[in-house]
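# What the coordinates show
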Amino acid sequence: MEVFVFSLFNGVLYGMLLFLLASGLTLIFSMMGVLNFAHASFFMLGAYFAYQISQPLGFWPALIAAPILVGVLGAAVERYALRPVHRFGHVAELLFTFGLAFVIEEVVQMIWGKVPVPYDVPPSLNVTAFAWQGLDYSVYRLFMLLISVGIFVALFFGLTRTRIGLIIRASLTHPHMVASLGHDVPKVFMWTFGVGCALAGVAGVIGGNVLGTEPGMAIQLGPIVFVVIVVGGLGSLGGALIASLLIGVLNNMAISYDFSLYPIFSLLGVEREAEGILADLVSLTTGAIAPLVPYLLLVLMLILRPRGLFGTRDV
Amino acid sequence: MLEVRDLHAYYGKSHILQGVDLDVGEGEIVSLLGRNGVGRSTTLKAIIGEVPPEGSISFKGEEIAGRKSHVIARKGLGYVPENRDIFPTLTLRQNLILGQKSARAQGRWSIEDAFELFPNLRERADISAGVLSGGEQQMLTICRTMMGDPDLVMIDEPTEGLAPQIVERVGRLIEEIAARGVAILLVEQKLTIALHISARIYVMGHGRITFEGTPEDLRGNEQIRKEWLEV
């Protein structure tokens, strides 16, 4: 039971972190049709900026300043790089963001080196919030949860209740019409891109010190975020939330329970005493294939329901 | 108020507009007629900046050719596209709110006005606009553009595919708009409406204006009607 509760809690936490990345990515994709391959790189920049700022100033200023920096950088990338590339079509944009991801990774390595930097959880939050059945739960994890849920609520109300939110939602489907009603759609695009990157930055700030801040972190998380937005349905914020939680929880459950996959293989007629490559198969556990879980989900989703859980159009 | 001179526009390599000249005066209703594919919709799109124009377009004495759509719209030029681009995921009320150019601006038209013109819009104000019927969507699109308080509104085929009863209501709405002093450039296929409400009429063919005159002139000119309008 306690294993269940803890892996549920950790799964939700990881899922909310994924959501911070996926929400920006899915908005940017459905609005501009740009699949931003560099999105997770902004997550990484958030973590590194937070590390750099927290060295002299501490965690709290970093929590505010790092996402803002990342957001401004994102907006600048849209305005001065992506927009000029836009008229050459989506393939050019895709290649641009793909290249940008590598450039950011190289720059990060040049500045901060190839080894992880010691970006740590602030000591004031690194205390036990509660212990249950012999397992500790730190205040920082609760804090991460609070921040990410807070951002989800703010995003939800921002998009459904404010004028700018309405303009964004209308631009998702009919940018020309929104422009001919007198709204500056390119500016809306730029700010959406910036805010999307800033959200990824927030995830970097609060996640970097738990997951580890190193140059490979973007490449590690990036593909999973793509899985999230495809499974949730492109352009759907609710879908991104559900898919993030689903993947977070499934992943954690697979690791904590570590079921043997032998029963499945035995159904296929593989003996437990099999030899060679089959021996490796029967000894597999869910923990070992946990990293595969998101991609299995992706493949299943594309076969069964290509538009995703809450999507309105096919991928 | 609107002066278009030698307007050209292209879709890829095809030369759609080949030198269009037209004028709309203050508070005037002008119709642009012609068969499908002669460039009527493209003319409106080039004026609002959705299709890149070549030539001169002056609005209130200011050159607007090549400006961005939202800049042109903010100068007081409204556009209602033919495909009734309502925002299907937003509610009816939210659609109308997006017609307003800013949260504060209060022009000739309020959301209350829209509801008064179409009581059945009020009852359904908070449902998603995607479920409205074609006629209701058309009224919503026109009302939405009017929320921005334009001085001239370009309406593209508002009655296309609508039942006769609805066509009449859309016609009345257009007259109501004109009654409030808004100039109208109307693209239509149905001669009856255009002849009934317009002060002047242009007929287009092959990307050019082939006739200009009053509704009476057009009624009397069987040759133009045969050559450029009747199917």
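Placed above this text is the structure.
Reference entry: report on the structure contained in this document.

Rules used in this analysis
Residues numbered from 1 in each chain as written. Chains lettered and ligands numbered in written order. Predicted model: local features only at pLDDT ≥ 70, side-chain atom pairs only at ≥ 80, totals over all residues. Heavy atoms only, no water. Pairing = 2+ DSSP bridges. Helix = DSSP H or I, 4+ residues; strand = E, 2+ residues; numbered from the N terminus. Axes fitted to C-alpha atoms, helices over the stretch in contact; angles between N-to-C directions. Contact = heavy atoms within 4.5 Å. Salt bridge = Lys/Arg side-chain N within 4 Å of Asp/Glu carboxyl O. Buried < 20%, exposed > 50% of the residue type's maximum accessible area, 1.4 Å probe, protein only.

All names here are of chain B. Taken together, the 6 strands give an open sheet; going across it, the order is β6-β7-β8-β3-β9-β10, and neighbouring strands pair in mixed fashion. Lying at the two open borders of the sheet, with one neighbouring strand each, are β6 (77-80) and β10 (208-213). The mean inter-strand angle of the sheet, taken between neighbouring strand axes irrespective of direction, is 20 degrees. In the sheet, strand β3 (residues 29-33) pairs with strand β8 (residues 183-187) via 4 bridges, with the strands oriented parallel. Across the sheet, residue S31 finds its bridge partner in β8, namely L186. Sitting on the sheet, helix α1 (residues 40-48) touches β3, β6, β7 (152-156), β8 and β9 (200-205), and the angle it makes with β7 is about 145 degrees. Across the sheet, helix α6 (residues 134-147) touches β6 and β7, and the angle it forms with β6 is around 165 degrees.

This next bit is on the pattern of salt bridges. Residues and elements named next belong to chain B. One pass over the full model with this rule turns up 15 salt bridges over all chains. R180 is the partner of D113 in a salt bridge, and the nearest nitrogen-oxygen pair spans 3.1 Å. Remark: R180 occurs in the loop between α7 (164-179) and β8 and D113 occurs in helix α4 (residues 111-117); sequence separation between them is 67 residues. Judged by relative accessible area, which is 15%, D113 ranks as buried.

Attention now goes to the environment of I57(B). Residues and elements named next belong to chain B. Note that I57 resides in strand β4 (residues 53-59). Relative accessible area serves as the criterion here: at 0%, I57 is assigned to the buried category. Other than its neighbours up to four places away in sequence, I57 contacts L2, E3, V4, L7, A46, I47, E62, E63, I64 and A65.

Honestly, that's just the spatial picture; any functional story needs more than this.
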